[in-house]
Amino acid sequence: MKSSKRRQLLRGASMLAAGGVAAYAMPGSATAQPRSPFSVSPTFIPIAGGSDLFPVRRIYCIGRNYAAHSREMGSDPTREPPFFFQKPTDAVQNVPIGATVDHPYPPLTKNYHYEIELVAAINKGGRNIPMDRALEHVFGYTVGLDMTRRDLQRAMGDEKKPWEIGKSFDHSAPLGPLQPVAAVGHFTKGAIWLKVNGQVKQSADLSQMIWSVAEQISKLSEAFELAPGDIVYSGTPENVGPVVKDDVMEGHIDGLPNISVKVV
Ligand code: MN
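Only a predicted model underlies this, so the values are computations on that prediction, with no experimental measurement involved. Numbers given for residues are sequential positions, taken from 1 along each chain in its written order. This being a predicted model, a pLDDT of at least 70 is required before a residue's local features are given, and a value of 80 or more before pairs of side-chain atoms are given or counted; all residues contribute to the totals for chains, interfaces and linings. As a convention, hydrogens and water are excluded, and side-chain values are obtained from all of the structure's heavy atoms.

(A) Fine view of the environment of Ile129. Numbering of helices and strands runs from the N terminus; a helix is a DSSP stretch of H or I covering at least four residues, while a strand is a stretch of E covering at least two. As for its position among the elements, Ile129 is in the loop between β8 (116–122) and β9 (138–145). Each residue's exposure class comes from its accessible area (1.4 Å probe, protein chains only) as a fraction of the maximum for that residue type: buried when under 20%, exposed when over 50%, partly exposed otherwise. Judged by relative accessible area, Ile129 falls into the buried class, the value being 4%. For Ile129 and Ala214, which are 85 residues apart along the polypeptide, the C-alpha to C-alpha distance reads 9.4 Å. The contact rule is simple, with two residues in contact once any of their heavy atoms fall within 4.5 Å. Sequence-distant contacts of Ile129, defined by excluding residues within four places in its chain, comprise Ala134, His137, Ile217, Ser218, Ser221 and Leu226.

So, in structure tokens, the structure goes:
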């Protein structure tokens, strides 16, 4: 037995012997059964056209990916390389097609913003993925909302602190079922809009993205090893704005089913 493998086995065995609970199988351990005193629900997104589910591993979001939105956030889009942040996996709120789901107004904020975005789902991982191969890693797409506690995001930004509290909270990632590439293809252009109570608030074209989905995946894979289950929010166009309780948001991208969400 290789010594590294032996060390892994010993570590697993000592955890169990010490009364520690192994939530996951230790690498190389064939005998230790994973066990836990409580259960944690995994996060899935339904896949359209059947009963299959997409398991979510990580949620990546690109910032300021449309020039006009970048300007409204106070940045200069011409000088900025892409940057990314993450939401926790269980921020996902699944929105079935044809339904309006209740979306809880989150705590602490007085300026709760919508951001309509194209979402790409990865089913093939990798590092340093070249741009011209990047779309081979995409399983499918859907319409998503990158919900944002704008006041908290801005306050943290002003203090040069992480803006996590503004972006990475419970239910902050409502999205529709995944539409497989085999059915809907890839998205480089087409209308993207968001209505609140029937009024158009955001309206743009996917071709206005500064960094395409392929470029985003390629850039992301330089910083992180991508893996099946990762999803990528590809940025929002201009005219983000607030919603309050009882507002109904409807999101649209040409070629994908609309999603509908009511703030409660
Ligand atoms: Mn966003």
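(B) Region of interest: the pairing of strand β13 (residues 191–196). With six bridges connecting them, β13 and strand β14 (residues 199–205) associate as antiparallel partners. Of the residues in β14, the one forming a bridge with Ile192 is Ala204. A pair of strands is considered paired only if DSSP assigns at least 2 bridges between the two. Hairpin geometry of β13 and β14 is characterised by an intervening segment of two residues between the two adjacent antiparallel strands and by a positive phi of about 50 degrees at Asn197. For β13 and strand β17 (residues 248–253), the ladder comprises five bridges, and the chain directions are antiparallel.

(C) Spatial organisation of helix α3 (residues 150–158). Taken as a whole, α3 has its buried residues at Arg150, Leu152 and Gln153. Viewed end-on, α3 has its buried residues packed into an arc of 165 degrees, placing them on one side of the element. Tucked inside the fold, the buried residues of α3 contact β7 (112–114), β10 (148–149) and α4 (164–167). In the stretch just after α3, Lys160 is the one whose phi turns positive, near 55 degrees. To be clear, the arc concerns the directions from the helix axis to the C-beta atoms.

(D) Region of interest: the coordination of the manganese ion. Each protein donor to the manganese ion is listed here as Glu115 (OE), Glu117 (OE) and Asp146 (OD); together their distances run 2.0 to 2.1 Å. Each donor residue of the manganese ion lies on the same chain, and together they follow the pattern E-x1-E-x28-D. Each metal's donors are the N, O and S atoms within 2.8 Å of it, or within 3.2 Å when it is Na, K or Ca, and because water is not part of the set, sites may look incomplete.

(E) Up close: the pattern of salt bridges. Salt-bridge detection follows one rule: a side-chain nitrogen of Lys or Arg within 4 Å of a carboxyl oxygen of Asp or Glu. Taken as a whole and assessed by the stated rule, the structure comprises ten salt bridges. Here Lys124 ties to Glu136 by a salt bridge, and the two come within 3.7 Å at their closest N and O atoms. With Lys124 in the loop between β8 and β9 and Glu136 in the loop between β8 and β9, this pair connects stretches of sequence that are twelve residues apart. Here Lys124 falls in the partly exposed class, since its relative accessible area comes to 38%. A salt bridge links Asp146 to Lys167, with the nearest nitrogen and oxygen atoms 2.9 Å apart. Separated by 21 residues along the polypeptide, Asp146 in the loop between β9 and β10 and Lys167 in helix α4 bring together distant segments of the chain. The exposure class assigned to Asp146 is buried, which follows from its relative accessible area of 1%. Among the residues examined, Lys167 registers a relative accessible area of 3% and is labelled buried. If you follow the salt bridges from partner to partner, you end up with Lys87, Glu115, Asp146, Arg150 and Lys167 in one network.

(F) Expanded view of the sheet that holds strand β16 (residues 241–243). In spatial order, the strands read β10-β7-β16; together these three strands make up an open sheet with antiparallel pairing. The open sheet terminates on both sides in strands that have one partner only, identified here as β10 and β16. Both β7 and β10 contribute to a ladder of two bridges, which runs antiparallel. Paired with Tyr112 across the strands is Arg149, a residue of β10.

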